[in-house]
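# What the coordinates show
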Protein chains: 2
Amino acid sequence: MSELASEPSAQGVTAPQGFRASGVVAGIRSGDGPDLALVVNDGPQHAAAGVFTRNKVKAAPVLWSEQVLTTGRVRAVVLNAGNANACTGPEGFQTAHATAEKAAELLGCGAVEVAVCSTGLIGSQLPRDNVLAGVASAHAALGDGAAAGRAAATAVMTTDTVVKEAAHSDDAGWTIGGLTKGAGMIAPSMATMLAVVTTDAVVDAPVLDEALRAAVRVSFDRLDVDGCMSTNDTVLLLASGASGVVPDTAAFTAALTDVCRDLARQMQADAEGVTKRITVQVTGAATEDDAVTVARTVARDSLVKTALFGSDPNWGRIAAAAGYADAALDPDRLDITVNGVLLCRGGVAAGNRADADLKGPDVVVEVALGLGDGAAEILTTDLSHGYVEENSAYSS
Amino acid sequence: MSELASEPSAQGVTAPQGFRASGVVAGIRSGDGPDLALVVNDGPQHAAAGVFTRNKVKAAPVLWSEQVLTTGRVRAVVLNAGNANACTGPEGFQTAHATAEKAAELLGCGAVEVAVCSTGLIGSQLPRDNVLAGVASAHAALGDGAAAGRAAATAVMTTDTVVKEAAHSDDAGWTIGGLTKGAGMIAPSMATMLAVVTTDAVVDAPVLDEALRAAVRVSFDRLDVDGCMSTNDTVLLLASGASGVVPDTAAFTAALTDVCRDLARQMQADAEGVTKRITVQVTGAATEDDAVTVARTVARDSLVKTALFGSDPNWGRIAAAAGYADAALDPDRLDITVNGVLLCRGGVAAGNRADADLKGPDVVVEVALGLGDGAAEILTTDLSHGYVEENSAYSS
């Protein structure tokens with residue numbers, strides 16, 4: 001387990017009623033760990049929404065699942081680790097299609113009701129026979145308890161060192177649960193983030209879609225960079241309606257956002273090579289978009305990230321990064337605070353660098369622009385020897 | 001000396017007639033190395049052009065020198081290492097002004113004819129007395145030989161491990177010479193690049209300006225990322241007219257571009273932590289701008305850079321980076337060649353990864369988009385343990 005990663009909550013995609021899940025060994029990844037997961041929505045409803053990578057190089061499962069989601073309806077999701085099925089051409093697309101058909105046959109539904117997600121190495125064909133046999137094993141292994149959800153979450157792990165699950169039960173009688181995987185940073189999504197979120201609330205597809213986009217915008221998209229997506233990034237939201245409760249839309253969106261944020265924080269804590277959890281908070285921006293842009297630029301800056309790895313409160317690098325962000329900025333109004341110590345006021349040194357204690361695992365960088373009410377927060381990590389080691393030592 | 005850096009050419013800013021230079025110990029940087037340089041244009045002409053950082057957080061010497069360059073005339077340039085004089089407010093600006101005044105007094109000209117450049121740590125005041133005394137020492141040490149140009153180039157080095165100079169003598173009777181410093185990467189300019197280029201050709205300021213912008217656009221701006229500039233980046237071009245020769249403008253611009261490219265390649269080879277010189281060539285883009293955008297996105301991608309550090313021809317990461325670049329791209333037309341081996345044809349695996357030999361220090365990544373005639377090349381480096389070490393272990 002990574003130093004900063006914590007044990008996940010006890011419940012994931014099977015926390016809501018109406019869902020079964022499983023994770024099995026299909027022989028896709030090297031080694032003998034579980035690598036294929038199945039999540040099934042037993043209804044009575046099958047409303048769904050999805051958010052996919054904006055990368056122009058889209059993996060076959062993304063191309064397939066985007067088609068599925070146009071119907072607003074998903075009966076099941078097949079996920080695999082160990083191979084991204086990206087840059088695999090028509091053969092790769094046929095494999096994704098065959099995977100959905102196999103699951104559909106076992107579940108007695110149409111292939112167009114089955115979404116597919118993959119993560120792993122880009123550019124090699126997914127071993128189709130292994131996947132299809134794996135789908136059959138996964139179907140046989142389906143269960144509705146916490147262990148089943150955990151098994152699914154485990155089977156999608158790649159360089160993740162811990163399982164990532166979250167759940168929220170609302171007093172009104174509905175529940176949201178989720179799993180995710182993703183560990184590569186600087187740009188977390190580059191290493192593919194896959195998330196499946198389930199709910200037993202009664203919500204139709206258009207509302208699910210709106211709620212999911214709102215939640216992702218301030219959770220997964222605020223984990224470093226959303227402009228820098230992998231070929232496979234996928235977030236799916238499935239609603240079974242099994243609670244029989246129609247939720248208040250605002251309450252549902254808020255709870256969904258909390259679950260997505262919880263999962264995003266788990267990804268941050270388990271990022272490759274992470275030694276610091278860094279939160280970049282920008283306030284006083286002319287607009288929220290500007291705040292996101294400045295926070296993201298600071299969060300991505302390699303000189304900032306290496307300085308923080310070295311526990312150095314190098315606010316000059318933070319100022320320089322903010323200054324080249326494509327956003328309104330007046331250097332004479334720039335304040336920078338690191339772990340509670342104001343180090344730069346009005347663009348000039350203030351306080352004492354030595355007072356900012358960065359020895360611990362958490363660093364909060366506050367950048368106040370003094371221009372307006374725009375505010376945003378980006379979660380990121382430091383750039384460490386571990387990051388370089390993990391990303392140079394093996395092909396992924 | 002860095003493993004990849006080579007000995008510079010014998011001539012720099014004093015190669016053209018009409019220039020003197022010096023480098024002295026002024027006590028600005030920690031340690032006792034030379035840290036203040038002076039370059040003087042003895043005329044008869046004093047035409048000049050400059051290109052400055054587009055960072056909104058501009059160092060005091062940039063704010064000062066931008067004013068100077070509005071006149072199209074520069075008599076001398078004072079440069080210091082060890083302190084960026086950035087984020088230093090009115091006091092810092094007064095120090096830059098006082099520096100120019102001191103040099104002007106010694107040279108018998110106006111302060112507005114003296115440009116100032118600084119590089120080093122952001123956010124602390126430059127020790128003004130040391131700088132002013134250093135200017136006097138530098139003035140006393142001025143010389144017009146190669147050793148004097150070398151002394152100036154040496155005094156501006158920060159984490160540079162070798163002096164960086166270049167020169168070009170044209171058959172028509174004029175010469176261009178230059179010095180530069182800059183070593184921080186991923187975004188090279190983040191660590192401040194300062195360059196002074198001199199010529200004895202007879203060229204007026206508007207032509208110098210046009211030639212310099214054209215040269216910088218395809219040299220320093222193609223060394224990784226131009227959108228990611230430090231608070232201090234400055235490129236100055238000074239013309240003495242001492243050769244008495246009016247050059248052909250196209251020939252002059254071409255020679256200036258060659259000198260700037262030579263200096264840019266020296267910066268690439270001496271980048272912090274570099275173990276690979278990486279050239280990313282994009283062809284077949286819809287436009288040249290698109291080609292630059294794709295090449296830059298691939299060049300900046302941390303997963304690509306770490307893979308190449310590990311000598312892994314991971315074309316899938318290259319495809320993914322190209323796919324999230326903000327440029328037109330059709331994944332079905334994407335070809336990727338690494339060190340001469342076609343690894344991806346039409347967006348799908350081709351050839352054999354093992355055939356691409358990346359053990360040597362040079363890696364050429366070719367990305368062919370198949371959409372149009374747009375082409376561009378970006379120079380970058382790998383992301384190594386050395387980079388992390390150098391940027392986390394000390395404050396810069």
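No experiment lies behind these values; they were computed from the predicted model shown.

Reading the values: rules and limits
- Residues numbered from 1 in each chain as written.
- Chains lettered and ligands numbered in written order.
- Predicted model: local features only at pLDDT ≥ 70, side-chain atom pairs only at ≥ 80, totals over all residues.
- Heavy atoms only, no water.
- Pairing = 2+ DSSP bridges.
- Helix = DSSP H or I, 4+ residues; strand = E, 2+ residues; numbered from the N terminus.
- Contact = heavy atoms within 4.5 Å.
- Axes fitted to C-alpha atoms, helices over the stretch in contact; angles between N-to-C directions.
- Least-squares fit on C-alpha atoms with pLDDT ≥ 70 in both.
- Buried area = accessible area lost by both parts, 1.4 Å probe.
- Polar contact = N/O pair within 3.5 Å; in protein donor to acceptor, adjacent residues only side chain to side chain.
- Nonpolar A, V, L, I, M, F, W, Y, C, P; charged D, E, K, R; others polar.
- Domains from an automatic or database assignment.
- Buried < 20%, exposed > 50% of the residue type's maximum accessible area, 1.4 Å probe, protein only.
- Expected span 1.5 Å × (residues − 1).
- Salt bridge = Lys/Arg side-chain N within 4 Å of Asp/Glu carboxyl O.

### Looking at the sheet that holds strand 13 (residues 348-349) of chain A
By way of backbone hydrogen bonds, the strands of a sheet pair with one another, either parallel or antiparallel. Residue and element names in this part refer to chain A. Strand order in the open sheet formed by six strands is 13-12-11-14-10-15, with mixed pairing between adjacent strands. Edge positions in the open sheet fall to strand 13 and strand 15 (374-381), since each of these has one partner strand only. Pairing of strand 11 (residues 335-338) with strand 14 (residues 362-368) involves four bridges; the strand directions are antiparallel. Residue pairing for strand 14: Asp-335 is matched across the bridge by Ala-368. Helix-sheet contacts for helix 6 (residues 249-269) involve strand 10 (277-285) and strand 15, and the interaxial angle to strand 15 is about 45°. The strands that helix 9 (residues 315-324) touches are strand 11, strand 12 (341-345), strand 13 and strand 14; relative to strand 11, the one it contacts most, it runs at about 135°.

### Remarks on the relation of the copies chain B and chain A
After a rotation of 180° and a shift along the axis of 0.0 Å, chain B superposes on chain A with an RMSD of 0.0 Å. A rotation of that kind, with that shift, is consistent with a two-fold axis. Across chain B, the rotation axis passes nearest the C-alpha of His385(B), at a separation of 2.9 Å. When the interface residues of chain B are mapped onto chain A, 100% of them are again interface residues, pointing to one common binding face.

### Focus on the interface of chain B and chain A
Opposite the 52 residues of chain B that make contact, chain A presents 52 residues. Together chain B and chain A conceal approximately 4,200 Å² of surface at their shared face, both sides included; 59% is due to carbon and sulfur atoms. On the surface where chain B and chain A come into contact, there are eight residue pairs in polar contact (both at pLDDT 80 or more). Taken together, the elements giving at least two residues each to the side of chain B that touches chain A come down to helix 8 (302-309), helix 9 (315-324), strand 13 (348-349) and helix 10 (385-392) of chain B. Per-element tally for the side of chain B that touches chain A: the top contributor is helix 9 of chain B, with seven residues. Looking at the side of chain B that touches chain A residue by residue, the class counts come to 27 nonpolar, 19 polar and six charged.

### Concerning the sheet that holds strand 12 (residues 341-345) of chain B
Residue and element names in this part refer to chain B. Taken in spatial order, the six strands line up as 13-12-11-14-10-15 in an open sheet, and their pairing is mixed. Looking at strand neighbours, the two that pair on one side only are strand 13 and strand 15 (374-381), the edges of this open sheet. Across three bridges, strand 11 (residues 335-338) lies against strand 12 in antiparallel orientation. Paired with Thr-337 across the bridge in strand 12 is Leu-342. The sheet contacts of helix 7 (residues 288-300) involve strand 10 (277-285), strand 14 (362-368) and strand 15, and relative to strand 15 the element is tilted by about 25°. In the packing of helix 9 onto the sheet, the strands contacted are strand 11, strand 12, strand 13 and strand 14, and the crossing angle to strand 11 comes to about 135°.

### Looking at the domain arrangement of chain A
According to the domain assignment, chain A consists of domain 1 (19-267) and domain 2 (277-392). Each of domain 1 of chain A and domain 2 of chain A has a C-alpha centre, and the two are 33 Å apart.

### Some points on unusual backbone geometry
For residues other than glycine, phi is negative in most cases, and the peptide bonds are mostly trans. Put simply, Gly43(A) and Pro44(A) share a cis peptide bond, and its omega is 20°. Residue position: Pro44(A) is located in the loop between strand 2 (36-41) and strand 3 (47-52). Positive phi outside glycine occurs at Ser311(A), with the angle close to 55°. Following the sequence through the fold, Ser311(A) ends up in the loop between helix 8 (302-309) and helix 9. Residue Ser311(A) is classed as buried on the basis of its relative accessible area, which comes to 17%. Of note in the backbone geometry, Asn339(B) takes a positive phi value of approximately 45° without being a glycine.

### Looking at helix 2 (residues 89-107) of chain A
Residues and elements named next belong to chain A. Its 19 residues give helix 2 an end-to-end C-alpha distance of 28 Å, which sits within 8% of 27 Å, the value for a rise of 1.5 Å per residue. Turning to helix 2, its buried residues are Gly-92, Thr-95, Ala-96, Ala-98, Thr-99, Ala-100, Ala-103, Ala-104 and Leu-107. Turning to helix 2, the residues buried within the fold contact strand 2, helix 1 (60-69), strand 4 (76-81), strand 5 (114-119) and helix 3 (128-140). Gly-108 sits one or two positions beyond helix 2 and adopts a positive phi of about 70°.

### Describing helix 6 of chain A
With 21 residues, helix 6 of chain A extends 30 Å from end C-alpha to end C-alpha; this agrees with the ideal 30 Å at 1.5 Å per step. Of the residues flanking the start of helix 6 of chain A, the one acting as N-cap is Asp248(A), its side-chain oxygen 3.3 Å from the backbone nitrogen of Ala250(A).

### Remarks on the pattern of salt bridges
A full pass over the atoms with the stated rule returns 24 salt bridges over all chains. Lys164(A) is the partner of Asp160(A) in a salt bridge, and the nearest nitrogen-oxygen pair spans 2.6 Å. With respect to class, Asp160(A) is no different from Lys164(A); both count as buried. Among the salt bridges present, the one from Asp209(B) reaches Arg213(B), with a minimum N-O distance of 3.2 Å. Here Asp209(B) pairs with Arg213(B), and both are found in helix 5 (residues 205-217), just four residues apart, close to one helical turn. On the basis of relative accessibility, which here comes to 44%, the residue Arg213(B) falls in the partly exposed class. Each of Arg20(A), Asp42(A) and Arg75(A) takes part in a single network of salt bridges with overlapping partners.

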